[in-house]
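Chains, contacts and geometry: an overview
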Amino acid sequence: MAELHVRLGDTLHPLHDCCWVEWAPCGCAVSVVMAAMHDGTRALPTETDARRHLEPNKRARDKQIREGYRLELMTMDRYRAEVDLAVRCPHPKGPTSQQTLDAALPSGRAQ
């Protein structure tokens, strides 16, 4: 398969160096998916393709659009610098996550 490229701003980028970020109406990033795989097994060059991948159910997709969810294509460098859900998620962690962190403390107790 030929390598696909996308123009973001004034620069061409390989599609496999980009991702689609889904934003909730509140402005929080809620999911991310690679726009293409290096091995050519998947390519999501359009917003429609990315939406179908993230939510296969058309009724659910239509509801998300009505509610204001949006997708944005960006480079992985920009994603790591500005979004990175694993590092910058603003939502509080549930009790299981906190218990896991507490158990990792040397004393085994929360501080």
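Residues numbered from 1 in each chain as written. Predicted model: local features only at pLDDT ≥ 70, side-chain atom pairs only at ≥ 80, totals over all residues. Heavy atoms only, no water.

1. Structural notes on the pairing of strand β4 (residues 29–34)
In this structure, strand β3 (residues 18–23) lies alongside β4, joined through 5 bridges in antiparallel fashion. By the bridge assignment, glutamate 22 is partnered in β4 with serine 31. Taking the residues that link successive antiparallel strands as the turn, the β3-β4 hairpin has 5 residues, and the phi of glycine 27 there is positive, at about 100°. (Pairing = 2+ DSSP bridges. Helix = DSSP H or I, 4+ residues; strand = E, 2+ residues; numbered from the N terminus.)

2. A closer look at helix α2 (residues 58–67)
Where α2 starts, the residue carrying a side-chain oxygen 3.0 Å from the main-chain nitrogen of arginine 59 turns out to be asparagine 57. Glycine 68 sits one or two positions beyond α2 and adopts a positive phi of about 105°. (Polar contact = N/O pair within 3.5 Å; in protein donor to acceptor, adjacent residues only side chain to side chain.)

3. Overview of empty space enclosed by the protein
Taken as a whole and judged by the stated rule, the model has 1 cavity of 30 Å³ or more. Approximately 30 Å³ is the volume found for the largest cavity. Lining of the largest cavity is provided by Glu22, Arg51, Leu54, Glu55, Gln64 and Leu71. Classifying every residue of the lining of the largest cavity gives 2 nonpolar, 1 polar and 3 charged. (1 Å grid on protein atoms, 1.4 Å probe; cavity = no way out; pocket = protein on both sides within 12 Å on 5 of 7 lines; lining within 4 Å. Points joined across faces, edges and corners; volume = space filled by probe spheres on them. Nonpolar A, V, L, I, M, F, W, Y, C, P; charged D, E, K, R; others polar.)

4. Structural notes on the confidence of the model for the protein chain
With 77% of its residues at a pLDDT of 70 or more, the protein chain shows a mean pLDDT of 82. Averaged pLDDT values over the elements of the protein chain bottom out at 43 in helix α5 (residues 95–104) and peak at 97 in strand β5 (residues 70–75). Across residues 96–111 the pLDDT falls below 50, and counting only partners more than four positions away or on other chains, this stretch makes 6 contacts in the model. (pLDDT = per-residue confidence, 0-100. Contact = heavy atoms within 4.5 Å.)

5. Considering the sheet that holds β4
Adjacent strands of a sheet form backbone hydrogen bonds with each other and so pair up, either parallel or antiparallel. A sheet is described by the order of its strands in space; here 3 strands give the open sequence β4-β3-β5, paired in antiparallel fashion. Each of the sheet's edge strands pairs with one partner strand only, and the pair in question is β4 and β5. Taking the axes of each pair of neighbouring strands and ignoring which way they run, one obtains an average angle of 25° across the sheet. Against the sheet, helix α1 (residues 47–54) touches β3, β4 and β5, its axis set at about 110° to β5. (Axes fitted to C-alpha atoms, helices over the stretch in contact; angles between N-to-C directions.)

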